[in-house]
Structures are given as C-alpha cells and as structure tokens.
Amino acid sequence: MSAISEVVQRARAAFNSGRTRPLQFRVQQLEGLRRLIREREKDLVGALAADLHKNEWTAYYEEIVYVLEEIDYMIRKLPEWAADEPVEKTPHTQQDEAYIHSEPLGVVLIIGTWNYPFNLTIQPMVGAIAAGNAVVLKPSELSENTASLLAAILPQYLDQDLYPVINGGVAETTEVLKERFDHILYTGSTGVGRVVMMAAAKHLTPVTLELGGKNPCYVDKDCDLDVACRRIAWGKFMNSGQTCVAPDYILCDPSIQSQIVEKLKKSLKEFYGEDAKKSRDYGRIINSQHFQRVMGLLEGQKVAYGGTGDAASRYIAPTILMDVDPQSPVMQEEVFGPILPIVCVRSLEEAIQFITQREKPLALYVFSPNDKVIKKMIAETSSGGVTANDVIVHITVHSLPYGGVGDSGMGSYHGRKSFETFSHRRSCLVRPLLNEETLRARYPPSPAKMPRH
Amino acid sequence: MEREVQRVRAAFGSGRSRPLTFRRRQLEALRAMIQEREKDILAAIGADLSKSEFNAYSQEVISVLGEIDLMLEKLPEWAAAKPAQRNLLTLLDEAYIQPEPLGVVLIIGAWNYPFVLTIQPLIGAIAAGNAVIIKPSEVSENTAKLLAKLLPQYLDQDLYAVVNGGVEETTELLKQRFDHILYTGNTAVGKIVMQAAAKHLTPVTLELGGKSPCYVDRDCDLDVACRRIAWGKFMNCGQTCIAPDYVLCEPSLQDLIVRKVQEAVKEFYGENIKESPDYERIVNLRHFKRIQSLLEGQKIAFGGEMDEATRYIAPTILTDVDPDTKVMQEEIFGPILPIVPVKNADEAIQFINEREKPLAFYVFSHNSKLIKRMIDGTSSGGVTGNDVIMHFMLSSLPFGGVGSSGMGAYHGKHSFDTFSHQRPCLLKTLKREGANQLRYPPNSQSKVDWAKFFFLKRFNKGRLGLLLLTFLGILAAVLIK
C-alpha cells in the first residue's frame, strides 16, 4: 500500500473507532484548532507573508479572523445543529416520530488552494470536524510555506490519525484522488474541478466544488462614484487581485468611464501610495507562471493606470484598462490578478445581456442607489452570490451559504451550511407496532372494483 | 439530440418559466392530464409490470397527485426570497437567499415505478422554474411511449420534452449539457451518469440502490411485523428500491418469522398466488433469470415456484442464508426474502456496517432505545422503524441515499430546493462609508487591534451589545481616520 493509502486508511479506521461521534470530542478538536491559531499566529503570518507578501493585518483581516469566527459559531451552535430535527407530519403519521437525524459522512477530503491558503483549507475543515468526520487535508503546493506549516503544526493540536495533512504536487493529488472518500470539497479552477468530479464519480463520492469565473461589476450612472470606486478598488486589489470573489471586470456607461478611472486611481493612491511596490499592504503574484499569465493579458490594451510589473519580485502594479474589447484575452479568462478591465455598455439591459451570454460567475456586483436597478439585475442574471453596492462581503455573513453555480461550482458551505454539507441528513420515521387496523386498507387483496375518486 | 436540448434551452432562455403563474398552470395541466387520462396511465403501468389498476393507482398515481397539490400550495412560499440572519457589520443591510431556476434539468426515470419515479421529480423541476428533458426507462416501454404521447398534449411542448430510447440514445443525451441531472437506477449506471455530468460540471442527484436490511428484534409483535414486512417486500414483486432486501434476526425467531410471513402472503394473495390480480410479475426475462439464479443452493422455507412464460416468481423465503452466497451479494430486486441469523442487535449492526450503506434501514422492536441505538450505530439513506417503505411517503422527509445508495434527495420542498439555485444576496447602501474605514489600507497596529476586538467579542453580547459595538466601531473608524 502506498504511503498515501496508509494515511487515508488510518483516518478511516480512526473514524470507525467512533470517537468523533460525541459532540464533546468534536468541540475539543475545534478548541484545539482555535488554540493553534492563537498560539501560532506569528508562524501563520510568517508563512502567508512568504507565500503571498501578506502582513499581519491582511493575514488576519482577510483570512484568519473568519476562521476564528467560524470556530466560535460552530462550537456555539453544534448542539442545536447536531440534534434530531422533527419534521411536519401528516394525519397518517401523527402517531409516529418523524425527524431528520444528522450523522457524519465518514472521511472527508479537503483540497485547499493557494490564494487564501489558510482560510480556504481550514474554514471547510471546521465544518467537517463539527459534523463528526475524519478529514484529510491536501493544501495547495503553490503556497508551499503555508502547506509545510500546516503539516507541521496541525498534528500538534489535533487528533493525529483523524486529521492528517498530505502535501505534494499533481502526482500526489492524483494519488489521493484514487482513494475513496465520503465527500470531497475542492477549491480551485474549473478545469481541475472537472478532474476532481470525474475521480469522485468512480466512488460515487459527493462533491462541493468552489470554482471561479469572471465576476462582473456593473456600475450605474447615478451612483456615488467616490464610494463605489473605493469599495471596488478595495475588493479588486486585495491580495493583488487573487481572490475568487474579486470583481473581475467593470461594466459601465461610456460617459462615466473616465470618472471611474480617476476615482479608482484616487483610492489606490490612498491605499497603497504612489508606488504600490513600496506598500506593505500590497500583495505579490503567487509564482512566475501566474505572473507571466497576468502580464500577458495586458497586450494590446489601453492602460489607464499601472501596467508595469517586476518579474523578480512578482509584483504587478494596480492596473486599470479602458475601452476593453470583449473579444480580447483579458476578457476570456478569469483575470485573478491586479488588472481591472472596464467594458462599456450603453444600458442596464445591455449589461444584463453581456453577463447572461457568459458562464455563470461566482459573484455578481451591482452599484446603484436605485433598488429597482439592483433587483432587475439580480432577477435577470444568475451567479453564485451577489453583493449590491459593495464587493466580497456577502461571503462573510454566516447565514449566507458560500458557493457557485454552473461553471463557478456546486454545493456551498460556511456556517450551518458547512455542517449540513459534511453531514448525511437521514430521514427517520419511527412508528409504533400498534394501530394495525388503520393500515388494513393498504394490504391486498384490493377491492373488487376500482373505487371512484 | 443536441438540437432537442438546444430547443429546450432556448425555451428556458425566453424567460417564460420564471413567473409563478406559468409554473402553476403547468402543474395544473399535469394534474389534469393524470385525472383525464388515468385509464391510459394505469393501463400502461399494468402492461409493463402486470400491475392491477388499483395497485398502479395506490402505488404511483396517488403520490404524484399529492405532490402536485403540495407544490401548488407551497410554491409562493418556497419560491420567495428568504431573509437571512445578519451580523454586526450587516445589521442595516438586506440579506436574503433567493431561489432561482437552474436552467435545463434532465430526469432519467427507472422502470420499476415508471410513472412516479419520472413524474415526481418532474413536478419539483417545473415548480422550481426549469425546463425539463425526461428520459423514461425503455424497459417499461408502455409507460415510456405513453409519456411521450401525453406530456406534449398538456404541457408546454418546448420547455418539457420527452426523449425515448435505449442505451445508445441515453449515452448521446448524456453528452449534452444540463444544469442538473436526477437519475434513478442502479449504482453502476449512477457512476456513468456522474462521470458524464463531470464533463459539464453538472450537479447530480442519484437515487440508487443497495441491500436494505431489516432487523427483527425478539421483543416485538411478530404478527404485525411480519405482515408489514411481507407487504413491503412483495409489493411490485419485490422490485422496489426501498423494499426490505433481507431479514436479520436471532436464530430462535427464524421459524416464527417464516410462518407469519407465509400467513400474511396467504392473506394478501390467496391460495393460488398466480391468480391474484394484486401480485405483479418480473419486468423482463433478463431479470427473471437473474433472480432465478439467486436461489441456487439455498434452503427454501416456502415459495420458489417459477414460470418463465409469465415471468412469475412466487413469494419466497430462504432461511439460514450464508452471507457469502450470491443472494447476499447483490440487490435482489425480486420476491425472495433471505433470512440471515445473527446473535443479537450488536452483531446485526456489525453486519450492516461491513457492507455498503443501503438506501433504507428497517428495525422492528417495541424497545425504542434499541431502535435508537441501531439508528445511531449504522448509516443508510433513510429509516423506518416498525414498518417498511413509509419514510418515502412523508414528503417533509428528504428521500435519497448515501454512499453507494446515492447522493442528494428530493420529495416536497427538497425537490424544489434540489432543482433551484439558492442564491445569497447582500444589499448594502452606498452610505455609511465610515463603518468601512477599518478595512482599507494602509494598515496600522491600532486597526489590527480594533479588528480583533470588534470581530471576536461580539458573540458574547446581546442586541444592545451589538448596537453598542456598532457605535464603537464607527467611533474607532473616525478616530483612526
């Protein structure tokens, strides 16, 4: 048996031992995770700084705090969510007990990604642990410092057999995907999402796929452009644009294009100074391959701001493109970098049509003071989720499930949805052995004639 | 095939399935179809499975009518945006989850309950606002042909299309892109469907099968238990995905169980079972031969009679069955009930856990603690305690499998949810920008400290505390600025 097989088998044996079933055990593990974050914050920040040029603030505010929130919330709600959920009964079932019983699935595989390498690996894990599963983690090898750190410290705070970390590249991931799991949550690209689902199909493993797409951001003529542009700039350029729910591109009327550019520039200077390279808060591209890819998208474009890069430090300046042609490369793939294309459309209808001609994105953004505009945009498009008059933040609300639709993904998690995703909700109907008379009608022999009804 | 799917997709793209009034008209038309063409429907099911009108009605048609009524009643409620609980930072915003149609749904039906297993999912898919392609099973060919004829007469012809055919046509169909696929059938084909779906990143609901165990405790009313088991086992000649596949019990109960099941069978079907209009037949020769081979080497306590010409297999019980024999290696899907003796409930639990998770689990006992223990100690799609089949009938319970028995669930609201995208929406205002100051670069130590205080203390406070913290947050933002 390969080393990877052994690790997975050990996790399964540990699950089968039954020790994850008591809520107490799960809470203990979650508290262990919380302690890990508190005690090893410096190490975590160090790893994130090395991987993505994050600092204490960006690491905390963009990744770590949400995991802590999720842990607190999960611990508090676990007794409620894990309890049997009675369901509405019919006249025929009044004497019965009817409820949904939540149980663990077994061994869950979580494949993390590199842009928020801590959050996107650990936040799903919180739900999987709470639901009583064993969890195999496969962090992304691209964010190698975080991957190594997780492998080193998780076993120091969590049950070592139940929650192993497997590191490695494509070869190791392919090996892992040959094993049988009871659920796989994958965060990453659409292309690899297909590969994961194919592998899962061989074992009939249900999947949650958190993928990507081009998240459109429609800016209405009538809105407060100062505020809108500041919020857009914040969400777009955090982590140097490497955010699955970043506003990918802007759709707006040509008459406000220049204003938008000016106000974005103003916000960028407020955030990162004249030279973003000198700012502690501005991220770097994860590796040279992505650096080349993103820089390549600039070819032939009208650069209104930025447009420069430094391969050695993998720095790309915050960049705004104007009058972008929808056919050009920058509009054919998810940018996932600090380049903000502006595509002009002449009306809300044209923006809606533009969006619906393309794959369903992970997020959709619309800026307008007019509630009717917002509601129309939502009603006539589809996307994983929506924030109106801001970006990103719909994913920070526990009660709103986080996930995609169509090419941007399937399934969702966060908060209670995490617990449900990693549980089997088992329908139970428990009847008494009495009242046999009331059931007579269902037994053969059937009436001689078909009754009129 | 591609053209057919394009046509249906274009119909969805027209937007006409969005208004609730349109969807309810379609559901009412479906109801009218069932009421007006009842005779044809019952005749088709009867021809496919040698089923009496009464059984076809009570096993299939009634559930469908019930589902339509429920959907019509609840549609406005289920389709409405559901407000979501907000947090400190979003207290003054609108947060809700908006259900929306997925697009084009493919429903692949099965042959054992060819009407309900195709139409019940269809109801949910229509209610959720989708266009639907229905692929009935070719094995139940009379029902398949009838559906192709009737549905276009009552429903929107472009939005809801029936595609018939065998393996070749189904393979072609699965190459097309759908927004959700619901498949009912066996585990092996389930894998094929999921692999095809993976190419287009199409989410799937797979209603598969397995060997649904039935544990009979010594502390129970055996008369009642055996009658209920016999009813669920032998309905549709054992061809039910949630039929109790085999019985587990202590050796001392075996003979009693045999006797009482035999009595129930006589009550149900009379002395000459072959003549009973209530006893169905095996759907085709292939399955007949398959089930026949399961009897090899087995101890037949009663039954075992077969007639290939009419595909009749008598209700049969096997005793002292060896778990390694063929009859215990595959889902029986026929009127053969093996009894496997086990020492006690614990051994039964172990036996069940050594095997793939089944679609249903049954346990008969007066002891509710035992029932709970067995539920806690095992896993399955669903459970009925002290009866069989019935968890299927309560639509507030999601109906689906786990592990090899399937993924996803439907019935009632669960159908509506399965065929919808539940889209989270957060509507903020462009005002109150002050509250956002903490999040913008450039950073500072005080921002980090405020963020820590702000985020992590709030859970321990009540509403007043929340408002206080909001105020403090804005104050902090102002101070830092």
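Residues numbered from 1 in each chain as written. Chains lettered and ligands numbered in written order. Predicted model: local features only at pLDDT ≥ 70, side-chain atom pairs only at ≥ 80, totals over all residues. Heavy atoms only, no water.

Going by an unreviewed UniProt entry, chain B carries the name Aldehyde dehydrogenase family 3 member A2 and comes from Muntiacus muntjak. For chain B, the Sequence similarities (unreviewed entry) comment in UniProt is given as "Belongs to the aldehyde dehydrogenase family." (UniProt positions renumbered as here; feature names shortened; annotations may be inferred.)

The name given to chain A in an unreviewed UniProt entry is Aldehyde dehydrogenase, with Muntiacus muntjak as the source organism. As stated in UniProt under Subunit (unreviewed entry), the record for chain A gives "Homodimer." Quoted straight from UniProt, the Sequence similarities (unreviewed entry) entry for chain A says "Belongs to the aldehyde dehydrogenase family."

Student: What is the right way to look at the pattern of salt bridges in this model?
Tutor: For side chains bearing opposite charge, pairing can occur when the charged atoms are close. Scanning the model with the defined rule gives 70 salt bridges over all chains in all. Across the salt bridge formed by Arg12 of chain A and Asp182 of chain A, the nearest N and O atoms sit 2.9 Å from each other. Pair noted here: Arg12 of chain A is in helix α1 (residues 3-16) and Asp182 of chain A is in the loop between α7 (170-178) and β5 (183-187), with a separation of 170 residues, a long-range link. A salt bridge links Lys175 of chain B to Glu172 of chain B; the shortest N-O distance between them is 3.0 Å. Placement of both Lys175 of chain B and Glu172 of chain B in helix α7 (residues 167-175) is noted, with a separation of 3 residues, approximately one turn of the helix. (Salt bridge = Lys/Arg side-chain N within 4 Å of Asp/Glu carboxyl O. Helix = DSSP H or I, 4+ residues; strand = E, 2+ residues; numbered from the N terminus.)

Student: Explain the interface of chain B and chain A to me, please; I cannot follow it from the model alone.
Tutor: Think of interface size as the accessible area that goes away when the parts come together; that is how it is often given. With 102 residues of chain B at the contact, the number on the chain A side is 109 residues. Of the roughly 8,900 Å² buried where chain B meets chain A, counting both sides, 59% is carbon and sulfur surface. Together, Leu201, Leu430 and Arg439 of chain B form the three largest contributors to the area buried by chain B at its contact with chain A, with a combined 10%. For Arg440 of chain A, the salt bridge identified is with Glu267 of chain B, shortest N-O distance 3.8 Å. Element by element, the count of residues in the side of chain B that touches chain A is highest for helix α8 (residues 187-199) of chain B, at 8 residues. Class assignment for the residues of the side of chain B that touches chain A results in 45 nonpolar, 29 polar and 28 charged. Across 4 bridges, strand β19 (residues 423-430) of chain A lies against strand β16 (residues 382-385) of chain B in parallel orientation. (Contact = heavy atoms within 4.5 Å. Buried area = accessible area lost by both parts, 1.4 Å probe. Nonpolar A, V, L, I, M, F, W, Y, C, P; charged D, E, K, R; others polar. Pairing = 2+ DSSP bridges.)

Student: Would you mind showing me how to read the side chain of Ser379 of chain B here?
Tutor: Locating Ser379 of chain B in the fold gives a position in the loop between α13 (368-377) and β16. Judged by its relative accessible area of 11%, Ser379 of chain B is buried. At 2.5 Å, the side chain of Ser379 of chain B forms a polar contact with the side chain of Glu103 of chain A. What Ser379 of chain B contacts, discounting residues up to four positions off in sequence, is Glu103, His424 and Arg426 of chain A together with Asn353, Lys357, Pro358 and Val402 of chain B. (Buried < 20%, exposed > 50% of the residue type's maximum accessible area, 1.4 Å probe, protein only. Polar contact = N/O pair within 3.5 Å; in protein donor to acceptor, adjacent residues only side chain to side chain.)

Student: Looking at this structure, I do not really get the side chain of Thr381 of chain A. What am I missing?
Tutor: Relative to the helices and strands, Thr381 of chain A resides in the loop between α13 (371-379) and β15 (385-388). One polar contact links the side chain of Thr381 of chain A to the main-chain carbonyl oxygen of Met377 of chain A, over a distance of 2.7 Å. For Thr381 of chain A, the contacting residues outside a window of four places in its chain are Ile352, Ile355, Thr356 and Leu364 of chain A together with Glu100 and Arg423 of chain B.

Student: Explanation requested: the UniProt feature "active site" (unreviewed entry) in chain B in the structure shown.
Tutor: All names here are of chain B. Per the UniProt record, "active site" (unreviewed entry) is found at Glu207 and Cys241. Annotated residues spanning 35 residues; largest pairwise C-alpha distance 8.9 Å, indicating a single compact cluster. Of note, Glu207 is situated in strand β7 (residues 204-207). Mapping Cys241 onto the fold places it in the loop between α9 (222-234) and β9 (246-249). Classification of Cys241 as buried rests on a relative accessible area of 13%.

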